[in-house]
Amino acid sequence: MLNKKKIRTMSKIAVMEKHHGEELQKAREYYRSDYVAVQLLKNACYLTVAYMIGLLLWGVANMDMLIEKLNRMQIKGILTGVIVSYLLCMTAGLLLTYVITMKRYFYGQELFRHYQVLLQRLEDEDDIEILEVTDLRRKK
Amino acid sequence: MKGIYNIRTLFEKYYSEYGNYIDAAAKFVTALILFMQINGRIGGKSIFGNIFVELILALVCAILPPNVMIVLAFVAALLQFASVSIASLAVGGGVLLAVLLLYFAFASRQAWAMLLTILGLFFHVPCIVPISFGLMGSTMSAAGMAAGTVFYYTLLTIGKLGGASVDLAMAKQSTAEKILAELQTMIDTLLSEQEMILMLVVLLAVFAVVFLARRMAMKHAWKVAIAAGTVIYLVLMMAGYMMLHLEIGILWILIGTLISAAVAFLLEQLFFNLDYRKIENLQFEDNDYYYYVKAVPKRHRNDEDSQEMEAGRIDRKGREHHDGHETIHS
């Protein structure tokens, strides 16, 4: 015999898993610090490569000025400029990443709480069914 | 108004039944137009210039996530740049790669914002995008729009300059100095592209205004947001073009603004408070049965009675409302 309430709850759980499976999995498997750390590391790599491309293009566009500075042995100035600009870009980028990641993490946690409510409801419905069978046996 | 209401009811009905096919068709058309525009603007002679290749790739994009369309558009642009000149490939490819990396770092879920911005700019109606996403998108849509704007202007600028430059066949005979000079010209032109900076500022300003206005607790917030966004776009574009002494295509700006406003009002009629859930086909099992469930969404009217009936369903954000009238088909 089909338990309609149970089917309804399982359907809702299935819809949630279908549309938000990735967020639910991450909320289940990651602590906040790990989740944020992975995103920061990934974005640090992307930002570094993007910065290097930008630096290369800037270097080509200002080749004359660079060669002039190298001829005058002002390597320290060039390196300082590169490092400072890199640190500024990385700071801004990673700060933005942190804010976005935290927002996504809390959204995932809220989804996971609703998911757990549905699971609890499913467990409760299973208990009700089991109790009914036990009651029938007792009546016999 | 009754006509629009009928269209909306039909749209809800057909989208709930055929939503997956409609999504695939939309992705196919978007991808095809995008690839054709990229090839047309750059004008190279790579394999991507072939219409059959474009059709096949558009079919691939129809069944895959929209981020695949962005990656393929990048590859198409790279191949077209390569068939024009080494300098085009170096500068255009470098800039597009940097844009793509920043996009995937911050806005990887905003593919449609980026794609529609590129298409809107191609067809001189960029205002539609910030208004539409300001009404229906999230804050990160701004990042997608910014990426799309830079992508478009890179294609346009390098495409224009690359056409007049040394081609690949002759590059072997050119000196390194000539190629370097060409690279420097391209980078300088791209960095001083004032129209790109103006468009970036204008689109983000319109998006911010529309986004904030539609969230305000007042009647007709969407209408106010659309009107404000349109006015801001017109004023900023005219002021920007005059201050920067750029060539004004006033007619294009006006026509684009009018079309954008019309589309935005249509979106408001069709999508405001629209229940766009699709039929869900689900499979799961328990200890006793395998279940093959087809969940058909109920349509609710937007009045006080339906507020109570709304309870019980889970919306797209995972919030559950309590409902005692659901039907499950299995």
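What you are looking at is a predicted structure, and each value in this text was computed from that prediction instead of being measured.

**Student:** Provide a residue-level description of the interface of chain B and chain A, including the pertinent values.
**Tutor:** On the side of chain A, 40 residues touch chain B, which itself brings 37 residues to the contact. Summed over the shared surface of chain B and chain A, the result is 3 residue pairs in polar contact (both at pLDDT 80 or more). Mapped by element, the contributors of at least two residues to the side of chain B that touches chain A are α4 (86-106), α9 (176-191), β1 (280-285) and β2 (290-295) of chain B. Top element by residues in the side of chain B that touches chain A is α4 of chain B. It accounts for 11 residues. For the side of chain B that touches chain A, the per-class residue count stands at 21 nonpolar, 7 polar and 9 charged.

**Student:** Residue-level account of α9 of chain B, with values.
**Tutor:** Over its 16 residues, α9 of chain B runs 22 Å from end to end, which matches the ideal 22 Å to within 8%, given 1.5 Å per residue. The complete set of buried residues in α9 of chain B reads Glu182, Leu183, Gln184, Met186, Ile187 and Leu190 of chain B.

**Student:** Describe the pairing of β2 of chain B, and please don't skip the residues or the numbers.
**Tutor:** Residue and element names in this part refer to chain B. Looking at chain direction, β1 and β2 are connected through 6 bridges and run antiparallel. Along β2, the bridge assignment pairs Gln283 with Tyr292. Between β1 and β2, which follow one another and run antiparallel, lie 4 residues.

**Student:** An account of the packing of α4 of chain B against α9 of chain B is needed here, citing residue identities and associated values.
**Tutor:** Residues and elements named next belong to chain B. At their nearest, the axes of α4 and α9 sit 9 Å apart, and the two run at 35° to each other. For α4 against α9, the interelement crossing comes out right-handed. Two secondary-structure elements touch here, α4 through Ala87, Ser88, Ala90, Val91 and Val95 and α9 through Glu182, Leu183, Met186, Ile187 and Leu190. Its residues placed into classes, the contact of α4 with α9 shows 8 nonpolar, 1 polar and 1 charged.

**Student:** Can you tell me about the packing of aromatic side chains, naming the residues and giving the values?
**Tutor:** To describe a pair of aromatic rings, you give the distance between the ring centres and the angle between the ring planes. Taken as a whole and assessed by the stated rule, the structure comprises 11 aromatic pairs over all chains. Site record: aromatic cluster; members linked through ring pairs are Tyr30, Tyr35, Tyr105 and Phe106 of chain A.

**Student:** Please provide a residue-by-residue account of the UniProt feature "transmembrane region" (unreviewed entry) in chain A, values included.
**Tutor:** All names here are of chain A. With numbering aligned to this structure, UniProt lists the feature "transmembrane region" (unreviewed entry) at residues 35-58 and 78-100. The span residues 35-58 is 100% helix and 0% strand, and its two end C-alpha atoms sit 34 Å from each other. A helix fraction of 100% and a strand fraction of 0% characterise residues 78-100, whose end C-alpha atoms lie 33 Å from each other.

Cut-offs used in this document
Residues numbered from 1 in each chain as written. Chains lettered and ligands numbered in written order. Predicted model: local features only at pLDDT ≥ 70, side-chain atom pairs only at ≥ 80, totals over all residues. Heavy atoms only, no water. Contact = heavy atoms within 4.5 Å. Polar contact = N/O pair within 3.5 Å; in protein donor to acceptor, adjacent residues only side chain to side chain. Helix = DSSP H or I, 4+ residues; strand = E, 2+ residues; numbered from the N terminus. Nonpolar A, V, L, I, M, F, W, Y, C, P; charged D, E, K, R; others polar. Expected span 1.5 Å × (residues − 1). Buried < 20%, exposed > 50% of the residue type's maximum accessible area, 1.4 Å probe, protein only. Pairing = 2+ DSSP bridges. Axes fitted to C-alpha atoms, helices over the stretch in contact; angles between N-to-C directions. Left-handed = near helix turned anticlockwise from the far one by under 90°. Phe/Tyr/Trp six-rings, centres within 6.5 Å; stacked < 30°, edge-to-face > 60°. UniProt positions renumbered as here; feature names shortened; annotations may be inferred.

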